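The chain contents come next:
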Amino acid sequence: MGTLKDLLTADMRTALKARDELTTSTLRLALAAVGNAEVAGKEKRELSDDEVLAVLTKEAKKRREAATAFADAGRTEQAAKENAEGEVLDRYLPKQLDDAELRELVAGALSAGGFSGMGQMGPAMKAAQAAVAGRAEGGRVAAEVRRQLAA
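Residues numbered from 1 in each chain as written. Predicted model: local features only at pLDDT ≥ 70, side-chain atom pairs only at ≥ 80, totals over all residues. Heavy atoms only, no water.

Looking at an unreviewed UniProt entry, one finds the protein chain named GatB/YqeY domain-containing protein, with Micromonospora zhanjiangensis as its source organism.

Structural data, given as structure tokens:
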């Protein structure tokens, strides 16, 4: 097809023609976030697919956090809308790892790097994040690295 940004644009146009308001508005917001990231810094530049993926991951995380906040406040209708928007964005993100897969990848990264003890948390996190490659949230990865280094 082309770049991930091209795919988002094409899907937004398709949703617009199909009068799918949820998908249209969600993809518009995602493309706006990508556009903002492109003009951040000293000069405008085209984002790579990995950078677009990072923006989409951040946007999906915002939706999950907002849905939790709305649900805790008893605003179920707004929470459902945020969850639905998150599901639209999830279509473009890599499949998230389950706990067993995450545990296995982190263990492999730690043993390959020879990391042991909490003093090596920084380099261990870097190796673990590279192994996970965006398929798990940073908080989950950090918790697993901390657990395995402490053991």
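Draft legend 1. Region of interest: the nonpolar core. The biggest cluster of nonpolar side chains holds 17 residues, and the ones touching the most others in it are Leu-8, Leu-27, Val-52, Leu-56 and Tyr-92. Secondary structure elements with two or more residues in this core: α1 (4–17), α2 (21–39), α3 (49–72) and α4 (76–90). Broken down by element, the residue count for this core peaks at five residues, all from α2. Residues within four places of Leu-56 in sequence aside, it is in contact with Leu-4, Leu-8, Ala-30, Leu-89, Tyr-92 and Leu-93. Counting 14 residues, the second-largest nonpolar core is a separate cluster that includes Met-121, Ala-124, Val-132 and Val-141. (Core = buried A, V, L, I, M, F, W, Y, C linked by side-chain atoms within 4.5 Å. Buried < 20%, exposed > 50% of the residue type's maximum accessible area, 1.4 Å probe, protein only. Helix = DSSP H or I, 4+ residues; strand = E, 2+ residues; numbered from the N terminus. Contact = heavy atoms within 4.5 Å.)

Draft legend 2. Structural context of α2. Here α2 is 19 residues long and its end C-alpha atoms lie 27 Å apart, about the 27 Å a rise of 1.5 Å per residue gives. Inspection of α2 places Thr-23, Thr-24, Thr-26, Leu-27, Ala-30, Leu-31, Ala-33, Val-34 and Glu-38 among the buried residues, and these make up the whole buried set. Where α2 is buried, its residues meet α1, α3 and α4. Gly-41 lies just past α2 and shows a positive phi near 100°. (Expected span 1.5 Å × (residues − 1).)

Draft legend 3. Quick look at helix α7 (residues 138–150). The terminal C-alpha atoms of α7 lie 18 Å apart, and with 13 residues this matches the ideal 18 Å at 1.5 Å per residue to within 8%. Every buried residue belonging to α7 is among Val-141, Ala-142, Glu-144, Val-145, Gln-148 and Leu-149, and all of these are buried. The buried side chains of α7 occupy one side of the element, clustering within an arc of 165° when seen end-on. Exposed and oriented more than 90 degrees from the buried face of α7 are Gly-139 and Ala-150. In this structure, the buried side of α7 is in contact with α5 (99–113) and α6 (121–132). (Arc of directions from axis to C-beta.)

Draft legend 4. The packing of α1 against α3, seen in detail. The contact between α1 and α3 brings their axes to 8 Å, and the two run at 55°. With respect to α3, the axis of α1 lies oblique. On α3, the residues touching Leu-4, Lys-5 and Leu-8 of α1 are Asp-49, Val-52, Leu-53 and Leu-56. Considering only residue class, the contact of α1 with α3 consists of five nonpolar, no polar and two charged. (Axes fitted to C-alpha atoms, helices over the stretch in contact; angles between N-to-C directions. Parallel < 35°, antiparallel > 145°, perpendicular 65-115°, else oblique. Nonpolar A, V, L, I, M, F, W, Y, C, P; charged D, E, K, R; others polar.)

Draft legend 5. Structural detail: the pattern of salt bridges. Across all of its chains, the model carries 14 salt bridges by this definition. A salt bridge links Glu-59 to Lys-62; the shortest N-O distance between them is 3.2 Å. Here Glu-59 pairs with Lys-62, and both are found in helix α3, just three residues apart, close to one helical turn. The buried category is assigned to Glu-59, whose relative accessible area is 10%. On the basis of relative accessible area, Lys-62 is assigned to the partly exposed category, the value being 44%. Across the pair Arg-147 and Glu-144 runs a salt bridge, and its minimum N-O distance is 2.6 Å. (Salt bridge = Lys/Arg side-chain N within 4 Å of Asp/Glu carboxyl O.)

Draft legend 6. Representation of unusual backbone geometry in the model. We note that Arg-19 has phi near 60°; this positive angle belongs to a residue other than glycine. If you trace the backbone, Arg-19 turns up in the loop between α1 and α2. Relative accessible area serves as the criterion here: at 73%, Arg-19 is assigned to the exposed category.

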